[in-house]
Amino acid sequence: AQTVTQSQPEMSVQEAETVTLSCTYDTSENNYYLFWYKQPPSRQMILVIRQEAYKQQNATENRFSVNFQKAAKSFSLKISDSQLGDTAMYFCAFIKAAGNKLTFGGGTRVLVKP
Amino acid sequence: GAGVSQTPSNKVTEKGKYVELRCDPISGHTALYWYRQSLGQGPEFLIYFQGTGAADDSGLPNDRFFAVRPEGSVSTLKIQRTERGDSAVYLCASSLTASGGLYEQYFGPGTRLTVT
């Protein structure tokens, strides 16, 4: 079974600054995908960024980038130039390449302060 | 286009009652998923449909929980003899097809179930 661990329950950051969220996972699979989802108070999970395990290059999406360390089973998210709208819960998630169910971490609450 | 919708948005019921939660996936999406999110936790997988059939129901906690998708579109999650521990947000997601992480799972806004 896969497990996903987010060790930071809450992070705060000043507007325009950078924050990094940690995620570690445990799996015996070699092919899989990793995700970061954002969940604002509206409850709707929104995909922020996706990483394919077989790709060595770290994924980037505008102000969001990841540091994927496959050997260490680590997948951190960096939010640059933080905006007030980035305030939300962020969840790290894992899925096997041939799987169908996402396994989520416990989440990190991010608060962007003006 | 329209996203995944879920009804009701909130549901309050008494212990022991029966509830149904509805999910309308994105049109054309053949894969549909149900997750449960307890307070302060990440979502946990319940069940997955490919078309009309439940391809994986390994996450259903017990036989009080059941889900159907009779026409391969709308799905209903049914909970019998509700217990206070069933209180949670129930999230539905759909994807074009089930192919690991190749196709994004799009989530609905969830139904918050409160059992009193």
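Here, every reference points to the structure presented above.
This structure is a prediction, so every number in the text was calculated from the model and none was measured.

1. Examining the pairing of strand E8 (residues 64–69) of chain A
Residues and elements named next belong to chain A.
- One ladder, built from two bridges, connects strand E7 (residues 60–61) with E8; its direction is antiparallel. Counted as the bridge partner of threonine 60 is serine 65 from E8.
- Between E7 and E8, which pair antiparallel in sequence order, lie two residues; one of them, asparagine 62, sits at a positive phi of approximately 55°.
- Taken together, the six bridges between E8 and strand E9 (residues 74–79) define a ladder with antiparallel strand orientation. Opposite phenylalanine 68, over in E9, you have phenylalanine 75 as the bridge partner.

2. Comments concerning unusual backbone geometry
- The omega angle of the peptide bond from threonine 7 of chain B to proline 8 of chain B is -10°, so this bond is cis rather than trans.
- The residue proline 8 of chain B is located in the loop between strand E1 (5–7) and strand E2 (10–13) in this model.
- The phi torsion at lysine 73 of chain A lies on the positive side, around 55°, for a residue other than glycine.
- Note that lysine 73 of chain A resides in the loop between E8 and E9.

3. As for the state of the cysteines
Residue and element names in this part refer to chain B.
- Scanning all chains against the criterion turns up two disulfides over all chains.
- Disulfide partner of cysteine 23: cysteine 92, at an S-S distance of 1.9 Å. The S-S bond linking cysteine 23 to cysteine 92 shows a torsion near -70°; that makes this disulfide left-handed. One end of the pair, cysteine 23, is in strand E3 (residues 19–24); the other, cysteine 92, is in strand E9 (residues 88–95), and 69 residues separate them in sequence.
- Look at cysteine 92 and you get buried, because its relative accessible area is 0%.

4. Considering the interface of chain A and chain B
- Taken together, the contact between chain A and chain B spans 21 residues of the former and 28 residues of the latter.
- The three residues of chain A that bury the most area against chain B are Arg43, Asn100 and Lys101 of chain A, which together make up 36% of that side's buried surface.
- The tally of links from chain A across to chain B stands at one salt bridge.
- Ionic pairing is found between lysine 101 of chain A and aspartate 56 of chain B, a salt bridge with its closest N-O pair at 3.7 Å.
- Counting across the interface, chain A meets chain B through eight residue pairs in polar contact (both at pLDDT 80 or more).
- Among the secondary structure elements, those contributing two or more residues to the side of chain A that touches chain B are strand E5 (32–39), strand E6 (46–52) and strand E10 (88–96) of chain A.
- The element that contributes the greatest number of residues to the side of chain A that touches chain B is E5 of chain A, accounting for four residues.

5. A word on the sheet that holds strand E7 (residues 65–68) of chain B
All names here are of chain B.
- If you walk across this open sheet you meet the four strands as E1-E3-E8-E7, and the pairing is antiparallel. Each edge of the open sheet is held by one strand with a lone partner, namely E1 and E7. Strand-to-strand twist across the sheet, computed as the mean angle between neighbouring axes with direction ignored, equals 15°.
- Taken together, the three bridges between E1 and E3 define a ladder with antiparallel strand orientation.

The rules we used
- Every residue gets a number counted from 1 within its own chain, in the order that chain's sequence is written.
- Think of it this way: whatever chain is written first is A, whatever ligand is written first is 1, and the rest follow in order.
- Local features in this predicted model are restricted to residues of pLDDT 70 or higher, and side-chain atom pairs are both shown and tallied only at a pLDDT of 80 or more, whereas totals for entire chains, interfaces and linings draw on every residue.
- Excluded from the side-chain calculations are hydrogens and water; all other atoms, namely the structure's heavy atoms, are used.
- At least two DSSP bridges between two strands are required for those strands to pair.
- To qualify as a helix, a DSSP run of H or I must reach at least 4 residues; to qualify as a strand, a run of E must reach at least 2; elements of each kind are numbered from the N terminus.
- We call a pair of cysteine sulfur atoms a disulfide when they lie within 2.5 Å.
- Partly exposed residues are those whose accessible area sits between 20% and 50% of the maximum for their type, while under 20% is buried and over 50% is exposed, using a 1.4 Å probe and protein chains only.
- In what follows, a contact means two residues having at least one pair of non-hydrogen atoms within 4.5 Å.
- Two parts lose some accessible area (1.4 Å probe) when they are put together, and adding that loss for both gives the buried area.
- Salt bridges are counted wherever a side-chain nitrogen of Lys or Arg sits within 4 Å of a carboxyl oxygen of Asp or Glu.
- Whenever two N or O atoms come within 3.5 Å, that pair is a polar contact, provided that in protein one can donate a hydrogen and the other can accept it, and provided that, for residues adjacent in sequence, both atoms are side-chain atoms.
- The convention used is that axes are lines fitted to C-alpha atoms, helices contributing only their stretch in contact, and that angles between N-to-C directions extend from 0 to 180 degrees.

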